[in-house]
Amino acid sequence: MLGDGAQKEVLVKRYRERRSMADRARETGNGERARRRYEECARLLDAIADLEGSEEMAAERRSLAENLRTAADQVTDRSDGSTDRSTGSEPIDGDADTADAGRFLSDPPSLAFDDVGGMAALKDRLRERVVEPLSNPELYETYDLGVVNGVLLYGPPGTGKTYVTRALAGELGYNVVEVTPADVTSSLVGEAADNVAAVFETARANQPCLVFIDEVDAVAGARSDGARATQSERQMVNQLLTELSEIQGEDVVVVAATNLLDAVDDAITRSGRFDERIEVSPPDAAAREAILRVHLRDRPVADDADVPAIAADTEGYVASDMELLAATAARFALADARESGRVEEITDAHLRAALDDVDPSLS
């Protein structure tokens, strides 16, 4: 358990991050988001005040917390479309669909590529095709190589497509709009297309932004054997194609994921929509070891834990399986800690027990 000093340090770091996000949201006119962040900052300051050794310093923390709550109330008052006079920017107004799509918006993830075990070739390709062109656009324009706005990841379930996408957003420092087919599809004519438009409007209003569409084959599936799309489905696909074209030149990157590349509509996969199509394969032994180490690094691990041997015995395990394996071993160690009354490290025996408990996703 963290001591007061270490706990306070963690809270102060978190406060600074959230305060920066709150100020940025207010400066860009996103009143609702700024309000939530200022309220979170106030709660963090209250928690920090409880850990202060000086009553005077604690009082200052609580006073600042009250000021931030007042600021949150003021931001909320201005988020009805009026100008925020403190920043000179216009808060996001938009229609009901756009506001609803905002619930899928989140701040840049704290993840980065260093938090992704294995996938070295995939991370290198994303750095070369997405991260570096956005970091140094003038150099790439010299060679007539533009920024890649669309990336399609395909491969078996659980291989880490979602996780690496979040790490890409964290690496870029981009806001994230993450949607699934259930979030946008509808049997009502026109509604699905409106949902897609609202998602991309939210992304454009919160640039720089990464849009992640999971299971894109369910949004824009290939048609075969005489199968015919409904009018709602056709409108949704056409709207998606329109949005993918219109984000060219915007500070918006779209990443889509599918388990079956052949199940995606050809119009979506052709050049100009998703310029990069990257297979995310099941991890090999070296990658499985790297993934397991990532998920063990913040946990107490005993010297006898033979991570390479465990990884070698996980044939058929995908990235999500390795994460679950680490969590399961940690729970076994925690059970021992409850009995002994002290911290118990994760031993090789705990990892072996977890290996018996967690089944591989792939045969």
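Treat the numbers as computed from the prediction; the structure is a model and nothing was measured.

Here is what the cut-offs are and how they apply
Residues numbered from 1 in each chain as written. Predicted model: local features only at pLDDT ≥ 70, side-chain atom pairs only at ≥ 80, totals over all residues. Heavy atoms only, no water. Helix = DSSP H or I, 4+ residues; strand = E, 2+ residues; numbered from the N terminus. Buried < 20%, exposed > 50% of the residue type's maximum accessible area, 1.4 Å probe, protein only. Axes fitted to C-alpha atoms, helices over the stretch in contact; angles between N-to-C directions. Parallel < 35°, antiparallel > 145°, perpendicular 65-115°, else oblique. Left-handed = near helix turned anticlockwise from the far one by under 90°. Contact = heavy atoms within 4.5 Å. Nonpolar A, V, L, I, M, F, W, Y, C, P; charged D, E, K, R; others polar. Pairing = 2+ DSSP bridges. Patch = residues over 30% accessible without salt bridge, like charges linked within 9 Å, V, L, I, M, F, W, Y side chains within 5 Å. Areas by Shrake-Rupley, 256 points an atom, 1.4 Å probe, with all protein chains shown as cover. Salt bridge = Lys/Arg side-chain N within 4 Å of Asp/Glu carboxyl O. Lys, Arg positive; Asp, Glu negative; His and termini not counted. Charge placed at Lys NZ, Arg CZ, Asp CG, Glu CD. Expected span 1.5 Å × (residues − 1). Core = buried A, V, L, I, M, F, W, Y, C linked by side-chain atoms within 4.5 Å.

Here we take up the environment of His295. Summarising the element assignment, His295 is placed in helix H13 (residues 285–296). Looking at His295, the relative accessible area reads 16%, which means it is buried.

This paragraph deals with the side chain of Asn195. Tracing the backbone through its elements, the reader meets Asn195 in helix H9 (residues 191–205). Taking relative accessible area as the criterion, Asn195 reaches 17% and is therefore assigned buried.

Between two packed helices, both the angle of their axes relative to each other and the distance between the axes serve to describe the pair. Helix H11 (residues 231–246) packs onto H9 with a crossing angle of 20° between their chain directions and a minimal axis gap of 7 Å. Overall, the two elements H9 and H11 adopt an arrangement that is roughly parallel. Relative to H11, H9 is oriented so that their crossing is right-handed. Of H11, the residues touching H9 (which contributes Ala192, Ala193, Val196, Ala197, Phe200 and Arg204) are Ser232, Gln235, Met236, Gln239, Leu240, Glu243, Leu244 and Glu246. The class makeup of the residues in the contact of H9 with H11 is 8 nonpolar, 3 polar and 3 charged.

In terms of burial, strand S3 (residues 175–179) is a largely internal element, 4 of the 5 residues being buried. Summarising the sheet, S3 and strand S4 (residues 209–213) pair through 5 bridges and their orientation is parallel. Across the sheet, the residue bridging to Val177 is Val211, located in S4.

So, about a negative patch on the surface. Taken together, the side chains of Asp303, Asp304, Asp306 and Glu345 present a region of like negative charge at the surface. Mapped onto the secondary structure, Asp306 falls in the loop between H13 and helix H14 (307–312). Taking relative accessible area as the criterion, Asp306 reaches 37% and is therefore assigned partly exposed.

Turning our eyes to something else, we now look at H13. A rise of 1.5 Å per residue sets the reference length of H13, with its 12 residues, at 16 Å; its end C-alpha atoms lie 16 Å apart and thus fit the reference within 8%. Buried within H13 are the following residues: Ala287, Arg288, Ile291, Leu292, Val294, His295 and Leu296. At its buried positions, H13 is contacted by helix H7 (161–172), H14, helix H15 (319–340) and helix H16 (348–357).

What follows is about the environment of Ala203. For Ala203, the location among the structural elements is in helix H9. Note: C-alpha distance between Ala203 and Val254 (51 residues apart in sequence) is 9.7 Å. Sequence-distant contacts of Ala203, that is, excluding residues within four places in its chain, are made with Val177, Cys209, Val211 and Val252.

If you look at the biggest cluster of nonpolar residues, it comprises 30 residues, and the most contacted ones within it are Val177, Phe200, Val211, Ile213, Leu240, Val254 and Ile268. Put simply, the parts of the chain that give this core at least two residues each are S3, H9, S4, helix H10 (216–219), H11, strand S5 (252–258) and helix H12 (266–269). Discounting chain neighbours no more than four positions away, the residues touching Val211 are Val177, Val199, Phe200, Ala203, Val252, Val253, Val254 and Val255. With 25 residues, the next largest nonpolar core counts Val116, Val148, Val176 and Ile278 among its residues.

Right, let's talk about the packing of H13 against H15 for a bit. Axis separation between H13 and H15 bottoms out at 9 Å; the angle between their running directions is 40°. With respect to H15, the axis of H13 lies oblique. Remark: the crossing between H13 and H15 carries right-handed chirality. Of the residues in H15, those touching H13 at Arg288, Ile291, Leu292, His295 and Leu296 are Ala319, Met322, Glu323, Leu325 and Ala326. Split into classes, the residues belonging to the contact of H13 with H15 amount to 7 nonpolar, 1 polar and 2 charged.

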